[in-house]
Amino acid sequence: MKILIKNIKELVQVEDEPKLKISGAEMKNLNCLHNAWLAIEDDKIAGFGKMDDWEGISDWTNLTIIDASDKIVMPSYCDSHTHIVYAGSREGEFVDRINGLTYEQIFERGGGILNSAKKLSVATEDELVESALIRLNEIMWQGTGAVEIKSGYGLSTEAELKMLRVIKKLKTLSPLTIKATFLGAHAIPKEYQESRRKYIDLLINEMMPAIEKEQLADYCDVFCEQNYFTKEETIEILTAGKKHGMTPKIHAEQLSNFGGVLAGVEVEAISVDHLEFVGDAEIKALQNSKTMATILPGAAFFLGLPLPPARKMIDAGLPIAVASDFNPGSSPSGNMNLMLSLCCVQYKMTPEEAINAATINSAYAMDLSKTHGSIAVGKQANIFITKEIPSYAFIPYSFGSNLVEKVIIAGKIVNG
Ligand code: NIG
Ligand code: FE
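Rules behind the numbers
Residues numbered from 1 in each chain as written. Chains lettered and ligands numbered in written order. Predicted model: local features only at pLDDT ≥ 70, side-chain atom pairs only at ≥ 80, totals over all residues. Heavy atoms only, no water. Axes fitted to C-alpha atoms, helices over the stretch in contact; angles between N-to-C directions. Helix = DSSP H or I, 4+ residues; strand = E, 2+ residues; numbered from the N terminus. Parallel < 35°, antiparallel > 145°, perpendicular 65-115°, else oblique. Left-handed = near helix turned anticlockwise from the far one by under 90°. Contact = heavy atoms within 4.5 Å. Nonpolar A, V, L, I, M, F, W, Y, C, P; charged D, E, K, R; others polar. Donors = N, O, S within 2.8 Å, 3.2 Å for Na, K, Ca; no water. Buried < 20%, exposed > 50% of the residue type's maximum accessible area, 1.4 Å probe, protein only. Phe/Tyr/Trp six-rings, centres within 6.5 Å; stacked < 30°, edge-to-face > 60°. Lys NZ or Arg CZ within 6 Å of the ring centre and 35° of its normal. Near = heavy atom within 4 Å. Polar contact = N/O pair within 3.5 Å; in protein donor to acceptor, adjacent residues only side chain to side chain. Areas by Shrake-Rupley, 256 points an atom, 1.4 Å probe, with all protein chains shown as cover. Patch = residues over 30% accessible without salt bridge, like charges linked within 9 Å, V, L, I, M, F, W, Y side chains within 5 Å. Salt bridge = Lys/Arg side-chain N within 4 Å of Asp/Glu carboxyl O. Lys, Arg positive; Asp, Glu negative; His and termini not counted. Charge placed at Lys NZ, Arg CZ, Asp CG, Glu CD. Core = buried A, V, L, I, M, F, W, Y, C linked by side-chain atoms within 4.5 Å. Pairing = 2+ DSSP bridges. Domains from an automatic or database assignment. Buried area = accessible area lost by both parts, 1.4 Å probe.

### Here's the deal with the packing of helix H4 (residues 125-140) against helix H5 (residues 157-173)
With their axes 9 Å apart at the nearest point, H4 and H5 run at an angle of 50° to one another. In terms of their interaxial angle, H4 and H5 are classed as oblique. Of the two possible hands of crossing, H4 and H5 adopt the one that is right-handed. Between H4 and H5, the residues in contact are Glu 125, Asp 126, Leu 128, Val 129, Ala 132, Leu 133 and Leu 136 and Lys 162, Arg 165, Val 166, Lys 169, Leu 170 and Leu 173, respectively. Classifying every residue of the contact of H4 with H5 gives 8 nonpolar, no polar and 5 charged.

### Observations concerning the coordination of the iron ion (ligand 2)
Taken together, the protein donors to the iron ion (ligand 2) comprise His 81 (NE2), His 83 (NE2), His 251 (NE2) and Asp 325 (OD), at separations of 2.1 to 2.5 Å. Binding-site remark: the iron ion (ligand 2) is held by donors from one chain whose sequence spacing is H-x1-H-x167-H-x73-D. Remark: His 251 occurs in strand S10 (residues 247-252) and His 81 occurs in the loop between strand S6 (77-79) and helix H1 (91-98); sequence separation between them is 170 residues. Across this residue pair, the class does not change: His 81 and His 251 are buried.

### Here's the deal with the packing of aromatic side chains
Counted under the stated rule, the structure contains 8 aromatic pairs. Each ring, one from Phe 394 and one from Tyr 397, has its centre 5.3 Å from the other, and the planes form 45°; the classification is tilted. Residue Phe 394 and its partner Tyr 397 are located together in helix H15 (residues 394-397), separated by 3 residues, close to a single helical turn. A network of ring pairs unites the aromatic residues Phe 107, Phe 223 and Tyr 228 as a single cluster. One Lys or Arg, Arg 135, reaches over the ring of Tyr 86 and ends 3.5 Å from the middle of that ring. Positioned over the ring face of Tyr 219 is Lys 249, at 5.3 Å from the centre of the ring.

### Details of the site of ligand 1
In the region of ligand 1, 15 residues are neighbours, and Arg 90, Tyr 103, Tyr 153, Gln 254 and Ser 330 sit closest. In the environment of ligand 1, an oxygen atom lies 2.9 Å from a nitrogen or oxygen atom belonging to the side chain of His 274. Asp 325 places a side-chain nitrogen or oxygen 2.8 Å from an oxygen atom of ligand 1. About the coverage of ligand 1: the protein hides 100% of its 330 Å² of free accessible area. For the shell around ligand 1, the residue count by class is 4 nonpolar, 9 polar and 2 charged.

### Thoughts on a nonpolar patch on the surface
The grouping of Phe 94, Val 95 and Ile 98 at the surface amounts to a nonpolar patch, some 270 Å² of accessible area in total. Along the chain, the position of Val 95 falls in helix H1. Look at Val 95 and you get partly exposed, because its relative accessible area is 40%.

### Considerations on a negative patch on the surface
Together, Glu 125, Asp 126, Glu 127 and Glu 130 make up a negatively charged patch on the protein surface. For Glu 125, the position within the fold is in helix H4. Under the relative-accessibility criterion, Glu 125 is labelled partly exposed at 33%.

### What about the nonpolar core?
Val 85, Phe 182 and Phe 229 are the most contacted members of the largest nonpolar core, which totals 112 residues. For this core, the element with the most residues is helix H6 (residues 196-214), which contributes 8 residues. The residues touching Phe 182, leaving out its near neighbours within four places in the chain, are Ser 151, Glu 160, Leu 164, Leu 203, Met 207, Met 208, Ile 211, Ala 217, Tyr 219, Cys 220, Asp 221 and Met 246. Ala 68, Val 73, Ala 381 and Ile 383 belong to the second-largest nonpolar core, a separate cluster that totals 19 residues.

### Looking at the sheet that holds strand S7 (residues 144-150)
What the 8 strands build is an open sheet, ordered S6-S7-S8-S9-S10-S11-S12-S13; its pairing is parallel. Strand pairing shows two members of the sheet lacking a second neighbour, S6 and strand S13 (320-322), which therefore form its edges. Neighbouring strand axes in the sheet, compared pairwise and without regard to direction, differ in orientation by 25° on average. Two elements, strand S8 (residues 177-185) and strand S9 (residues 219-224), share 3 bridges in a ladder whose sense is parallel.

### A few points about the domain arrangement of the protein
Taken domain by domain, the protein consists of domain 1 (2-75 + 372-414) and domain 2 (78-364). If you average the C-alpha positions of domain 1 and of domain 2, the two centres end up 29 Å apart. Contacts between the two partners involve 36 residues from domain 1, matched on the other side by 36 residues from domain 2. Of the roughly 2800 Å² buried between domain 1 and domain 2 on both sides combined, carbon and sulfur atoms contribute 66%. When the buried area of domain 1 at its contact with domain 2 is split by residue, Lys 21, Met 27 and Pro 396 rank highest and sum to 23% of it. The interface formed by domain 1 and domain 2 contains 1 salt bridge. Put simply, Lys 28 and Glu 353 hold a salt bridge, and the shortest N to O gap is 3.4 Å. For the side of domain 1 that touches domain 2, the elements supplying multiple residues, two or more each, are strand S5 (71-75), H15 and strand S15 (404-409). Among the elements that take part in the side of domain 1 that touches domain 2, S15 stands out by supplying 5 residues, more than any other. For the side of domain 1 that touches domain 2, the per-class residue count stands at 18 nonpolar, 10 polar and 8 charged.

Quick look at the structure:
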């Protein structure tokens, strides 16, 4: 299939020399072409340029032409942190928090992640696939083209494998690019509270070999936090995960400064995510690493947490990625347009910084920046076309709106 999009008002995030990530002051730059064309052949971007320089593509037959006058074309968002496979919902806890309970207090009385684990244990694989597909479809129409999905509401070998098999099935059913993460170390299940060592042994000696055997996960993640997993346990679990072919990721410094970032740098995690309680030592450690600092503004907003020092991290030369953390407890939204608005309004990131964070840098956080996250020749053709809007800055500006009009994933126009 060949597609030509012409008269594009702004073609955003074009790269002649693709980079794997964009750091520090460079994040303020966003390369755009005005009055542009974009050509797609099969699943790849075949070319782009200014309409003024258009010489036509003479040998193209059966060409689908899209007129994007007054519209913006963006590379699809890469959402590098979600928990999109889950059963039921947790609006009861949302109301409990409005009435004064904290996220930690809800967990201590058996709610939170343990509540979702209870619900997931009685859901079938088919039910989980069905509800996750609805969510994947929703985020696709909000501009997301690639997504990482975690397990972590299983917390037993059987249920963790069930979640990861669901994710594997989703890879075949959804047009989105999907990466899978094993998050058995999301919480200590109730029955192991007095014998946490036994649960860690189970993760390492039983779950990991089974996951490797079925090739179910690209990454291994740990919730490094008070009442969840210590820094030392995090390092042990992620080191074991590496031996089973899984690259480390970490839920780090979300509720307290607990050592997650330092653990992440030590085990060479691809990303450390959340970062509300990051301090100078963590920023320094990240400066000498390949680990992507990832903020999750949906969770900080929804739980009313202090904000990660995104500005300070960028000013220290770090790259920043942004992801949705779509999950039923701390961020029941996978809307990356809304995440851009939060980046700009709350974190004082410019629209350019926010878009870099949600495209190329979040692609890096899921090992996809060679093929996704920008408009470059040879990259996978994952893009969206907006409704008629004045500029790309209008996307974070008009918070709460969905301005996506047309979605193309892997070179195919998705019908809505
Ligand atoms: O990323 N912090 C830990 N995990 C999730 C929340 C999970 C839940 O509450 O269900 C997060 O915020
Ligand atoms: Fe998370």
